[in-house]
Amino acid sequence: MRILGIDSSGLVASVAVTDDDVLLGEFTTDYKKTHSTTLMPMLDELIKMLGIDIKTIDAIATAEGPGSFTGLRIGAATVKGLAYALKVPVIAVPTVDAIAYNLYGSKRLICPLMDARRQQAYSGLYRFDETNEFVVKKEQEPEAIKDIIDRINIADEPVTFLGDGVPVFKDYIEKNATVDYDFAPAFCSRQRAGAVASLGKKYFDREFYTSAEEFRPVYLRKSQAEREREEKAGANA
Amino acid sequence: MSDIKILGIESSCDETAAAVVVNGREVLSNEISTQIPIHTLYGGVVPEIASRKHVERITQVVDLALKKAGTPPGEIDAVAVTYGPGLVGPLLVGVSFAKAFAYAKQKPFLGINHISGHISANYIEAADLKPPFLCLVVSGGHTHLVRVIDYGKYEVLGRTVDDAAGEAFDKVARAIGLGYPGGPKIEKEAKNGDPDSIEFPRAKVADHPYDFSFSGLKSAVLNYLNHEKMAGHEINRANVAASFQKAVVGALTDHAEMAIDEFGEDKFAIAGGVASNGALRASIEALCQRKGVKFYRPAPILCTDNGAMIAAAGYYEFEEGVRSGLDLNAEPGLML
């Protein structure tokens, strides 16, 4: 089964093609250029380099969110355009889960951190058990960095941090973490479409997928206008 | 010559739209999914909400447009999409979808200027219309007086230096409690009012006779409302709406007359959302009759933001050999 993986949820833009258990190719950049100018040219380069026909893709796995609102909608609209034209299913993979999946086989707790501004991170807590089964200990959500580190201190287990929130929260972690911690190395410290496609394959095998029409990004946060309107309604109630 | 079928996609503001048009003139389908009911809750378009709604609707709207046209995706000759001007988030949805769809179907892809789209709506409405002609583009975001030199080739004579005409409608509608969207609501209210009851100014822009300014008019209306309120007078909404509308239509018509006199074109067209305003249509039509100039105006469904106008503009650019790259970005401030 041939899966196209796409992740444009953060600063990284990444596309990958997997055939079952083989990564045919991956193109990942972490560069301050809008994804609308990079994502499709990268996909085109990758497909050309691999010498395959885009029509041979069986499914598209994408980081569904959370992430940058703009990044998520560029990714979602791109995925919808491709999946609709190719008539293939969309496999929606939680962004933070896919980042954690980069550390397959690790015996430590895995704590991805994506900068969510306002001293918050989109984070979750993961591990691989004795049989290397991927276990979601805590589902992804936006949370204050203090609460994330407090929980890790209470768990009292070695942990690996990764994600684009690491440089943002490194000082805080160094000052406040009381457990054995480390940071993932460059090749697996950010979003990678190869991980999205690999985890997406597992979702697909469990028949967990949707269509171009039905797929919606998971923002995990409402727009500012909606929040303010609800606060007003709450205050008047 | 075989027929050219273009899929047009538009998502620059609060309508998700797609259409299939043959040879720039014959509309096979024109699907529009409006978000007006949602934005009405906020008194205007909220960009983040608009962007999210476009993502939810785009696939279904394109699918409906293709199905109603009886055109399988493979039979499309090219995909045309609005890439500016407009709201960046909404624009990115259409641009990203169109690019990916065209790429997967191995079809040419073109980014289209939204204003060029509005002007091109006239080609759909009137089979006989050919450049050169003059065109007044008036909408919620734009006010342009343009000389159409050839298909897709424009000379902008004047544009608004502050608010767009439609924006002034929205702001005044809000001030007199009519709500969003202001254009249709003011027009309806104005029908019961006396347009000569209040004298509002028609602003001119010094040294740039073709440019427009509507913020002064908007302020004049707000000042009038304030003044009346302080004096304890009851506001006659219908009279305010009618007098305000008359001032806007008057300014637009004055500019149109100046352009007809100076450039001597024998055709004049209007375009954009505000071009469905009955008072504006009647005023420009009367002007054209007086001057012996042929008047063109699209049906209201082609005045509002739609995919057919983008496909029509796309057709002429496609024939010129214009193609966009996969790195095309949204350009919210794109000029005509």
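Residues numbered from 1 in each chain as written. Chains lettered and ligands numbered in written order. Predicted model: local features only at pLDDT ≥ 70, side-chain atom pairs only at ≥ 80, totals over all residues.

Notes on the overall build of chain A
Part 1: From N to C terminus, chain A includes seven helices and 10 strands.
Part 2: Radius of gyration (C-alpha) of chain A: 18 Å, near the 18 Å computed for a compact globule of 237 residues.
Part 3: In terms of overall dimensions, chain A has a C-alpha envelope of 50 × 50 × 35 Å along the principal axes.
Part 4: Going through the 237 residues of chain A one by one, you find that 47% of them count as buried.
Part 5: Restricting the contact set of chain A to residue pairs at least 6 apart, pairs at least 24 apart contribute 71%. (Helix = DSSP H or I, 4+ residues; strand = E, 2+ residues; numbered from the N terminus. Rg over C-alpha atoms; globule rule 2.2 N^0.38 Å. Buried ≥ 20, exposed ≤ 12 C-beta atoms within 10 Å, placed from the backbone. Contact = placed C-beta atoms within 7 Å.)

Overview of the overall build of chain B
Part 1: A count of helices and strands for chain B gives 11 helices and 10 strands.
Part 2: For chain B, whose C-alpha radius of gyration is 20 Å, the value lies close to the compact-globule estimate of 20 Å for 336 residues.
Part 3: Taking the principal axes of the C-alpha coordinates as reference, chain B spans close to 65 × 45 × 35 Å.
Part 4: Split into buried and exposed, the 336 residues of chain B put 57% on the buried side.
Part 5: Of the contacts made within chain B by residues no fewer than 6 positions apart, 75% connect residues no fewer than 24 positions apart.

Points about the sheet that holds strand S8 (residues 134-144) of chain A
All names here are of chain A.
Part 1: Taken together, five strands build an open sheet; the order of strands is S8-S7-S6-S9-S10 and the sheet is mixed. The open sheet terminates on both sides in strands that have one partner only, identified here as S8 and strand S10 (181-183). Adjacent strand axes in the sheet meet at a mean angle of 20 degrees, parallel and antiparallel pairs treated alike.
Part 2: As paired elements, strand S9 (residues 159-162) and S10 share three bridges and run parallel to each other. Paired with Thr160 across the bridge in S10 is Asp182.
Part 3: Packing against the sheet, helix H4 (residues 145-155) makes contact with strand S6 (109-115), strand S7 (120-128), S8 and S9, and its axis sits at approximately 145 degrees to S8. (Pairing = 2+ DSSP bridges. Axes fitted to C-alpha atoms, helices over the stretch in contact; angles between N-to-C directions.)

Here we look at the nonpolar core
Part 1: Counting 177 residues, the largest nonpolar core has A:Ile60, B:Val79 and B:Ala311 as the members making the most contacts within it.
Part 2: In this structure, B:Ala311 is in contact with B:Ile6, B:Leu7, B:Gly8, B:Ala19, B:Val20, B:Val21 and B:Ala80, ignoring residues within four places of it in sequence. (Core = buried A, V, L, I, M, F, W, Y, C linked by C-beta atoms within 7 Å.)

Quick notes on unusual backbone geometry
Part 1: In this structure, the amide linkage connecting B:Gly84 to the following residue, B:Pro85, adopts the cis form with an omega of -10 degrees.
Part 2: For A:Lys87, which is not glycine, the phi dihedral falls at a positive 55 degrees.
Part 3: With respect to the helices, strands and loops of the structure, A:Lys87 is situated in the loop between helix H2 (69-86) and strand S5 (90-94).
Part 4: Judged by C-beta crowding, with 11 C-beta atoms within 10 Å, A:Lys87 ranks as exposed.
Part 5: The phi dihedral of A:Leu220 is positive, around 60 degrees, even though this residue is not glycine.
Part 6: Accessibility expressed as a C-beta count within 10 Å gives 16 for A:Leu220, which makes it partly exposed.

Details of the domain arrangement of chain B
All names here are of chain B.
Part 1: Along its sequence, chain B is organised into domain 1 (5-121 + 303-319) and domain 2 (131-297).
Part 2: For domain 1 versus domain 2, the separation of C-alpha centres amounts to 27 Å.
Part 3: Listed per partner, the contact involves 17 residues of domain 1 and 20 residues of domain 2.
Part 4: Going through the elements one at a time, helix H1 (36-40), helix H4 (114-125) and helix H11 (307-319) are the ones with two or more residues in the side of domain 1 that touches domain 2.
Part 5: Top contributing element to the side of domain 1 that touches domain 2 by residue count: H4, with five residues. (Domains from an automatic or database assignment.)

Observations regarding the confidence of the model for chain B
Part 1: Of all residues in chain B, 100% have pLDDT values of 70 or greater, and the mean over the chain is 95.
Part 2: Under the prediction, the complex receives an ipTM of 0.97, its pTM being 0.96. (pLDDT = per-residue confidence, 0-100.)

Overview of helix H1 (residues 35-50) of chain A
Part 1: Spanning 16 residues, H1(A) covers 22 Å between terminal C-alpha atoms, matching the ideal 22 Å at 1.5 Å per step.
Part 2: Tucked inside the fold, the buried residues of H1(A) contact strand S2 (12-19), strand S3 (22-30) and H2 of chain A together with helix H3 (88-104) of chain B.
Part 3: Just past H1(A), the residue A:Gly51 takes up positive phi, approximately 65 degrees. (Expected span 1.5 Å × (residues − 1).)

A look at the environment of B:Val45
Residue and element names in this part refer to chain B.
Part 1: Relative to the helices and strands, Val45 is located in the loop between H1 and helix H2 (47-69).
Part 2: With 21 C-beta atoms packed within 10 Å, Val45 lands in the buried category.
Part 3: Among all residues touching Val45, those that are not within four sequence positions of it are Cys13, Asp14, His39 and Ala50.

Here we look at the pairing of strand S5 (residues 109-113) of chain B
All names here are of chain B.
Part 1: Of all five residues making up S5, five are buried, and the element is well covered by its neighbours.
Part 2: Residues of S5 alternate between two faces, with Phe109, Gly111 and Asn113 on one and Leu110 and Ile112 on the opposite face, all of them buried.
Part 3: Alignment of strand S4 (residues 78-84) against S5, held across five bridges, turns out to be parallel. Across the sheet, residue Thr82 finds its bridge partner in S5, namely Ile112.

Observations regarding the interface of chain A and chain B
It is common to report an interface's size as the accessible area lost on association of the parts.
Part 1: Across the contact, 29 residues belong to chain A and 29 residues belong to chain B.
Part 2: Mapped onto the side of chain A that touches chain B, the elements with two or more residues apiece are H1, H2 and helix H7 (224-236) of chain A.
Part 3: With 13 residues, the single largest contributor to the side of chain A that touches chain B is H2(A).
Part 4: In terms of residue class, the side of chain A that touches chain B is made up of 14 nonpolar, eight polar and seven charged. (Nonpolar A, V, L, I, M, F, W, Y, C, P; charged D, E, K, R; others polar.)

What about the domain arrangement of chain A?
All names here are of chain A.
Part 1: Taken domain by domain, chain A holds domain 1 (2-96 + 190-226) and domain 2 (103-188).
Part 2: Once you take the C-alpha centre of each, domain 1 and domain 2 turn out to be 23 Å apart.
Part 3: If you look at the interface, domain 1 gives 10 residues, while domain 2 gives 11 residues.
Part 4: A per-class count over the side of domain 1 that touches domain 2 returns five nonpolar, two polar and three charged.

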